[in-house]
Amino acid sequence: MEMRTAKCHLSLLSVLVAVSLVIFFLERSSADEPSEKTTHGFLATGAETYIRDGNGKLVWQYPQGSRDGWVLANGNVLLALSKNKSYPGGAAIEVTREGKTVFEFKGTQSEVNTVQPLDNGIVLLTEAGAKPRLLEVDRTGKTVVDVPLQAQMNDHHLQTRMARKLANGNYLVPQLLDRVVREYTPQGTIVWEVKTPHMPFTAIRLNDGNTLINCTLGNLVIEVDAKGKTVWQLSNDDLPGKPINDACGGQRLPNGNTVITSHHAGANQVKLLEVTRDKKLVWTHTDDREYGIHHFQILDTNGKALEGRLLR
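Reading the values: rules and limits
- Residues numbered from 1 in each chain as written.
- Predicted model: local features only at pLDDT ≥ 70, side-chain atom pairs only at ≥ 80, totals over all residues.
- Heavy atoms only, no water.
- 1 Å grid on protein atoms, 1.4 Å probe; cavity = no way out; pocket = protein on both sides within 12 Å on 5 of 7 lines; lining within 4 Å.
- Points joined across faces, edges and corners; volume = space filled by probe spheres on them.
- Nonpolar A, V, L, I, M, F, W, Y, C, P; charged D, E, K, R; others polar.
- Pairing = 2+ DSSP bridges.
- Helix = DSSP H or I, 4+ residues; strand = E, 2+ residues; numbered from the N terminus.
- Axes fitted to C-alpha atoms, helices over the stretch in contact; angles between N-to-C directions.
- pLDDT = per-residue confidence, 0-100.
- Contact = heavy atoms within 4.5 Å.
- Phe/Tyr/Trp six-rings, centres within 6.5 Å; stacked < 30°, edge-to-face > 60°.
- Buried < 20%, exposed > 50% of the residue type's maximum accessible area, 1.4 Å probe, protein only.
- Lys NZ or Arg CZ within 6 Å of the ring centre and 35° of its normal.

> Describe in detail empty space enclosed by the protein, supporting the description with residues and values.
Applying the stated criterion to the full structure yields one cavity of 30 Å³ or more. In this structure, the largest cavity occupies an estimated 30 Å³ of space. What lines the largest cavity is simply Ala44, Thr45, Gly46, Glu48, Tyr50, Arg289, Tyr291, Gly292 and Ile293. Of the residues belonging to the lining of the largest cavity, the class tally is four nonpolar, three polar and two charged.

> So, the sheet that holds strand S21 (residues 258-262): which residues are in play, and what are the values?
The strand order across the open sheet built from four strands is S20-S21-S22-S23, with neighbouring strands paired in antiparallel fashion. Looking along the sheet, the strands with just one partner apiece sit at the ends: strand S20 (247-252) and strand S23 (281-287). Averaged over neighbouring strand pairs, the angle between their axes works out to 20 degrees when direction is ignored. Bridge analysis of S21 against strand S22 (residues 269-275) gives four bridges, and the strand direction is antiparallel. Bridge pairing links Val259 to Glu274 in S22.

> Describe unusual backbone geometry, and please don't skip the residues or the numbers.
The residue Thr216 is not glycine, and still its phi comes out positive at about 25 degrees. Among the secondary structure elements, Thr216 is positioned in the loop between strand S17 (211-214) and strand S18 (220-224). Phi is positive for Asn219, close to 50 degrees, though the residue is something other than glycine. Relative to the helices and strands, Asn219 is located in the loop between S17 and S18.

> Describe the confidence of the model for the chain, listing the residues and the values that go with them.
Regions with low pLDDT carry predicted coordinates that are not meant to be interpreted in detail. In this model, the chain carries a mean pLDDT of 91, and residues with pLDDT of at least 70 account for 88%. The model gives residues 1-10 a pLDDT under 50, and that stretch makes zero contacts with residues more than four places away or in other chains. Predicted confidence is poor over residues 15-35, with pLDDT under 50, and the contacts of this stretch with residues over four places away or in other chains come to one contact.

> Which residues make up the packing of aromatic side chains, and what are the values?
Applying the stated rule across the entire model yields two aromatic pairs. Plain terms: the ring middles of Phe42 and Trp283 are 6.5 Å apart, the flat faces sit at 70 degrees to each other, and that makes the pair edge-to-face. With a gap of 241 residues between them, Phe42 in strand S1 (residues 40-45) and Trp283 in strand S23 connect regions that are remote in the sequence. Accessibility expressed as a relative area gives 1% for Phe42, which makes it buried. Measuring from centroid to centroid gives 6.2 Å for Trp60 and Tyr62, while their planes differ by 25 degrees, and the two rings are stacked. Sitting above the plane of the Trp192 ring, Arg205 keeps its charged end 5.0 Å from the centroid. One Lys or Arg, Arg252, reaches over the ring of Trp232 and ends 5.9 Å from the middle of that ring.

Here is the structure:
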């Protein structure tokens, strides 16, 4: 009788332990899941140029390939166009959502690879070619700043990518085949540089002075401090399924997360992904389009527009 009672107690204890474990893991799983599914609207540039809303719906398209782009406050879109029949040297243009061109600068060399809206309607762009340079042009197409860039001449296509003007008036320029990111003054003097382990595509000067760099075919993202020391990095080894496939465009969001594009991703592969500082994957975008995304601009999160300076 005592043995039967002991067995009953043991069985009851086992059930209680099992129930407690189930409750513990359910609560933990619930705590790990975001309370609201992350969504983003975004502008995509590359072989195809388009805007998707947070539900993934295609809401705007432009019939030309592009290298870089920005959705402006007035709703227009500023683009660096890939070279084509109409623009054999590429171009920087601003178009309305109806497709009307309201600003145009025709490239004079091999490619126009960067565009950035500045104050007073000025547009920053870069030209690749025999005389690699960074330009600021006004709305009449007049050049107001012309900065010569020091770059290799063997491959014009791999001279520069997403150059950006900094708050101090200098310019941050990723130089792919040279495997270096350089900061130039308006006079063309190099005042800072960092060597990169693979070809750099984006170089983003963060609010704390660090620089976030996407390294293309290295499938690598690094963050370096002012001395060039790597203080954070992300690679496919950190992520399930190894989703990074040519880490080109990047953006640091206001919440500290980083969004990365996979330029070589094809149909039904991850083309955009968002990771936290501790490398947790919190959002991805996949679609059935044939081409990946060259660069992008995240427009909103869960329907709320991003505020402050865009870090891209």
